[in-house]
Amino acid sequence: MAVSAAQDMEERQDLQDQRDALSSIDWPERPTVQSLGEAIGRLRGMRVVIAPIPEGIRSAEVNGLTVSVGSAAKVYYDPRLAPLNCTQTILHELAHVLHGDVCAERSAASYRTTFDTPQERRAELTATRLMLELNRRIRGSDLLDFLSGRAARAHRP
Ligand SMILES: [Zn+2]
């Protein structure tokens, strides 16, 4: 399949932006989804709050969503997900915050459902990279705690 030069350049620019965004994260010494969320929030001048989707508004289609309220980014995840899927969902939402898809200046919401827009694909790719980076930084039992979701639960408000 032929890709036009303009498209090609756009994709390369996207990849560059993605690398820049990832390398600008000031990684916490002991990364958890919570501390990583706070680090990403600081980059965007937002306070990141991670919480389960309130029971009344859970739906089968939405695994996670982020809503900006003032300068807070509220990242919600479906606590019924398998732990690894749950972590991936939260990282996907944090990726939206990182890329400025959700920001304090305008009221914005992002929903994790399907990945058929460039913004969604970018968030999903970044989430995967964040997961790999976390794996690299977390060792042994800490990693097991993290992947089993204990880290997320331990930091629920
Ligand atoms: Zn998304």
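Residues numbered from 1 in each chain as written. Predicted model: local features only at pLDDT ≥ 70, side-chain atom pairs only at ≥ 80, totals over all residues.

Draft legend 1. The arrangement of the overall build of the protein chain in detail. A count of helices and strands for the protein chain gives six helices and four strands. Its helices and strands taken in sequence order, the protein chain reads α-α-β-β-β-α-β-α-α-α from the N to the C terminus. Scored against the burial criterion, the 157 residues of the protein chain give a buried share of 29%. Summarising the internal contacts of the protein chain: among those between residues at least 6 apart in sequence, 66% fall at separations of at least 24. (Helix = DSSP H or I, 4+ residues; strand = E, 2+ residues; numbered from the N terminus. Buried ≥ 20, exposed ≤ 12 C-beta atoms within 10 Å, placed from the backbone. Contact = placed C-beta atoms within 7 Å.)

Draft legend 2. Fine view of the nonpolar core. Residues Val48, Val75, Ile90, Leu94, Ala95 and Val97 are the most contacted members of the largest nonpolar core, which totals 23 residues. Sorting the residues of this core by element identifies helix H2 (33-44), strand E1 (47-52), strand E3 (72-77), helix H3 (83-98) and helix H4 (118-137) as the ones contributing at least two each. The dominant element in this core, judged by the number of residues it contributes, is H3, at seven residues. (Core = buried A, V, L, I, M, F, W, Y, C linked by C-beta atoms within 7 Å.)

Draft legend 3. Expanded view of the packing of H3 against H4. Between H3 and H4, whose axes approach to 8 Å, the crossing angle comes to 115 degrees. Here H3 and H4 pass one another in a crossing that is right-handed. Facing Gln88, Leu91, His92, Leu94, Ala95, His96 and Leu98 of H3, the residues of H4 in contact are Ala123, Glu124, Thr126, Ala127, Leu130 and Met131. For the contact of H3 with H4, a count of residues per class yields eight nonpolar, four polar and one charged. (Axes fitted to C-alpha atoms, helices over the stretch in contact; angles between N-to-C directions. Left-handed = near helix turned anticlockwise from the far one by under 90°. Nonpolar A, V, L, I, M, F, W, Y, C, P; charged D, E, K, R; others polar.)

Draft legend 4. Structural detail: H3. For H3, spanning 16 residues, the distance from its first C-alpha to its last is 22 Å, which sits close to the expected 22 Å at 1.5 Å a residue. Across the 16 residues of H3, 13 count as buried, placing the element largely inside the fold. Positive backbone phi, at 75 degrees, marks Gly100, one or two positions downstream of H3. (Expected span 1.5 Å × (residues − 1).)

Draft legend 5. Expanded view of H2. A rise of 1.5 Å per residue sets the reference length of H2, with its twelve residues, at 16 Å; its end C-alpha atoms lie 16 Å apart and thus fit the reference within 8%. Positive backbone phi, approximately 65 degrees, marks Gly45, located one or two places after H2.

These values are about where atoms sit, not about what they do.
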